[in-house]
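Residue-level structural notes
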Amino acid sequence: MAGYKPVAIQTYPILGEKITQDTLYWNNYKTPVQIKEFGAVSKVDFSPQPPYNYAVTASSRIHIYGRYSQEPIKTFSRFKDTAYCATFRQDGRLLVAGSEDGGVQLFDISGRAPLRQFEGHTKAVHTVDFTADKYHVVSGADDYTVKLWDIPNSKEILTFKEHSDYVRCGCASKLNPDLFITGSYDHTVKMFDARTNTSVLSVEHGQPVESVLLFPSGGLLVSAGGRYVKVWDMLKGGQLLVSLKNHHKTVTCLCLSSSGQRLLSGSLDRKVKVYSTTSYKVVHSFDYAASILSLALAHEDETIVVGMTNGILSVKHRKSEAKKESLPRRRRPAYRTFIKGKNYMKQRDDILINRPAKKHLELYDRDLKHFRISKALDRVLDPTCTIKTPEITVSIIKELNRRGVLANALAGRDEKEISHVLNFLIRHLSQPRFAPVLINAAEIIIDIYLPVIGQSPVVDKKFLLLQGLVEKEIDYQRELLETLGMMDMLFATMRRKEGTSVLEHTSDGFPENKKIES
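Fair warning: this is a prediction, and the values are worked out from it, not measured in the lab.

The rules we used
- Residues numbered from 1 in each chain as written.
- Predicted model: local features only at pLDDT ≥ 70, side-chain atom pairs only at ≥ 80, totals over all residues.
- Heavy atoms only, no water.
- pLDDT = per-residue confidence, 0-100.
- Contact = heavy atoms within 4.5 Å.
- Phe/Tyr/Trp six-rings, centres within 6.5 Å; stacked < 30°, edge-to-face > 60°.
- Helix = DSSP H or I, 4+ residues; strand = E, 2+ residues; numbered from the N terminus.
- Lys NZ or Arg CZ within 6 Å of the ring centre and 35° of its normal.
- Buried < 20%, exposed > 50% of the residue type's maximum accessible area, 1.4 Å probe, protein only.
- UniProt positions renumbered as here; feature names shortened; annotations may be inferred.
- Core = buried A, V, L, I, M, F, W, Y, C linked by side-chain atoms within 4.5 Å.
- Pairing = 2+ DSSP bridges.
- Salt bridge = Lys/Arg side-chain N within 4 Å of Asp/Glu carboxyl O.

Time to look at the confidence of the model for the protein chain. Overall, the predicted model of the protein chain reaches an average pLDDT of 87, with 93% of residues at or above 70. A low-confidence stretch, residues 498-503 stays under pLDDT 50, and its non-local contacts, those more than four residues away or across chains, total 14 contacts.

Tallying each qualifying case throughout the model produces 12 aromatic pairs. An angle of 45 degrees between the planes, with centres 6.2 Å apart, marks the rings of Tyr166 and Tyr185 as tilted. Placement of the pair is Tyr166 in the loop between strand S13 (155-160) and strand S14 (167-172) and Tyr185 in the loop between strand S15 (179-184) and strand S16 (188-193), with a sequence separation of 19 residues. Above the plane of the ring of Tyr228 lies Lys230, whose end atom (NZ or CZ) is 5.5 Å from the centre. Sitting over the ring of Tyr29, Arg318 keeps its end group 4.4 Å from the ring centre.

A cis geometry characterises the amide bond from Pro50 onward to Pro51, with omega recorded as 5 degrees. Positive phi is not limited to glycine here, since Arg270 has a value of about 70 degrees. Positionally, Arg270 belongs in the loop between strand S23 (262-267) and strand S24 (271-276). Look at Arg270 and you get partly exposed, because its relative accessible area is 44%.

It is worth spelling out the UniProt feature "domain: U3 small nucleolar RNA-associated protein 15 C-terminal" (unreviewed entry) in the protein chain at this point. Residues annotated by UniProt as "domain: U3 small nucleolar RNA-associated protein 15 C-terminal" (unreviewed entry) correspond here to residues 343-490. Helix makes up 70% of residues 343-490 and strand 0%, whereas the separation of the span's terminal C-alpha atoms amounts to 72 Å.

Looking now at the nonpolar core. Formed by 41 residues in total, the largest nonpolar core has its most connected members in Leu377, Ile397, Leu400, Leu425, Leu438 and Ile445. Those elements that provide at least two residues to this core are helix H3 (363-369), helix H4 (373-380), helix H6 (390-403), helix H7 (406-410), helix H8 (415-428), helix H9 (435-449) and helix H10 (457-494). Considering each element in turn, this core owes the most residues, 10 residues, to H9. Of all hydrophobic cores here, the second largest spans 17 residues; its members include Tyr29, Cys253, Val272 and Val274.

As a further point, take the pairing of strand S18 (residues 211-214). Neither face of S18 is exposed, since Ser211 and Leu213 on one face and Val212 and Leu214 on the opposite face are all buried. Of the pairings in the sheet, the one linking S18 to strand S19 (residues 220-225) comprises four bridges and is antiparallel in character. Note on S19: the bridge partner recorded for Ser211 is Ala224. The hairpin formed by S18 and S19 contains five residues between the paired strands, and Gly218 there has a positive phi angle of roughly 80 degrees.

Taken as a whole and assessed by the stated rule, the structure comprises 14 salt bridges. With a closest N to O distance of 4.0 Å, Asp129 and Lys174 form a salt bridge. Remark: Lys174 occurs in the loop between S14 and S15 and Asp129 occurs in strand S10 (residues 125-130); sequence separation between them is 45 residues. Residue Lys174 is classed as exposed on the basis of its relative accessible area of 51%. The partner of Arg168 in a salt bridge is Asp142, and the shortest N-O contact between them spans 2.9 Å. Of this pair, Arg168 sits in strand S14 while Asp142 sits in the loop between strand S11 (136-141) and strand S12 (146-150); the two residues are 26 residues apart in sequence, bridging distant segments of the chain. Through salt bridges with shared partners, a single network forms among Asp178, Asp193 and Arg195.

Structure follows, in structure tokens:
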């Protein structure tokens, strides 16, 4: 027993995953908080000023949430019909909202009743925003019009009727109070100038435009519609810089990080893509449970909020850096203690003894050393081990199978113990890096416990789920082998033959070998 060799824990790299600075940065969020709204979340907007509350537009209500609150701190519900959008002013004190009845309402954050009401649209208003001077509001509606309103007088200043379909998105320049952008279902994005009473620039997106975004400098414009995200250079007359097609379904919302170095896009394919604004390549991706309609980032990217079609609001907060506790400084040995004997020269009669550091066995290795196979398996099936280091659990299962005692270790378990085994197999069986080991273990469990099915509803449900996963994985392997066989056949037929030998008779009657090039 003195020569026991510990089990070698194999490394199972996750295929396709590359750890970068963006991966570390965007994964540094806590578990998302799920908030249920009354309907699909069509718009989320953060206040530009502390304490960085955010407005959520869903159904006929607009809820104001604190950064870390799970209940709304204020609700605006003075709408005749569904509210579609709400945006904070630059100072965070006012909120403008648009609704389905064509109304545009202005609210004070400290009150509840609307301060101003702008009536002029005949159909639903889907986009509202404040201009850079804070005294005007831009709105776009399904009546194909874009209107500019004066806040102090509650009057309509200008109306633009250049779109030929629904106006569903827009934004105002943060630098010039006379410029604002709108996107429409007529596939165009237009820039309007209040001083000229007409559009000064128009670009063709090619799909119904769902969202537009203007960079803080005003030099770049981003439009989203269909599966495309397109970036336009406004300083070159609307020249197309890049067209991105990384989503599988319609892109519905856009957002910039606080630094402006990253562009985020949300889509109906339930993914949020993060792009670098220098290379326009995807540097990270988030997955969600439902189609995404709205997206917003807080100051310094501290919070990311995503609104979905199922009425769920997903809120992720950045993890706070752990503060190191100041420990009392211990007195350390003097410097001469460390250099003592450093210059000592070995004498002729001295004997050098090397004492190797003693290696301590892990608990599961101790169990295996004393042939406690069931206990060793129980240790690595603990939830702490299976979640953080599943490769250890897989390595022990592989070692038990190599010794031929895996069936003995899995047999004779009660409902709680077999549930731990089934939970681990269900969670990790479909991963290619673990599949060769876990499929064999799953087949052994099915053979052992199939005769006792029906005694525990909980185990029966997990058992049937595991059986379905095994069958599906086997079908995948069979289809993969068939595909590989077809590819080998195609490559064999496409390979160019170097030459074919034939026998020809020469003039003297003797056969001669010749090659005919194919």
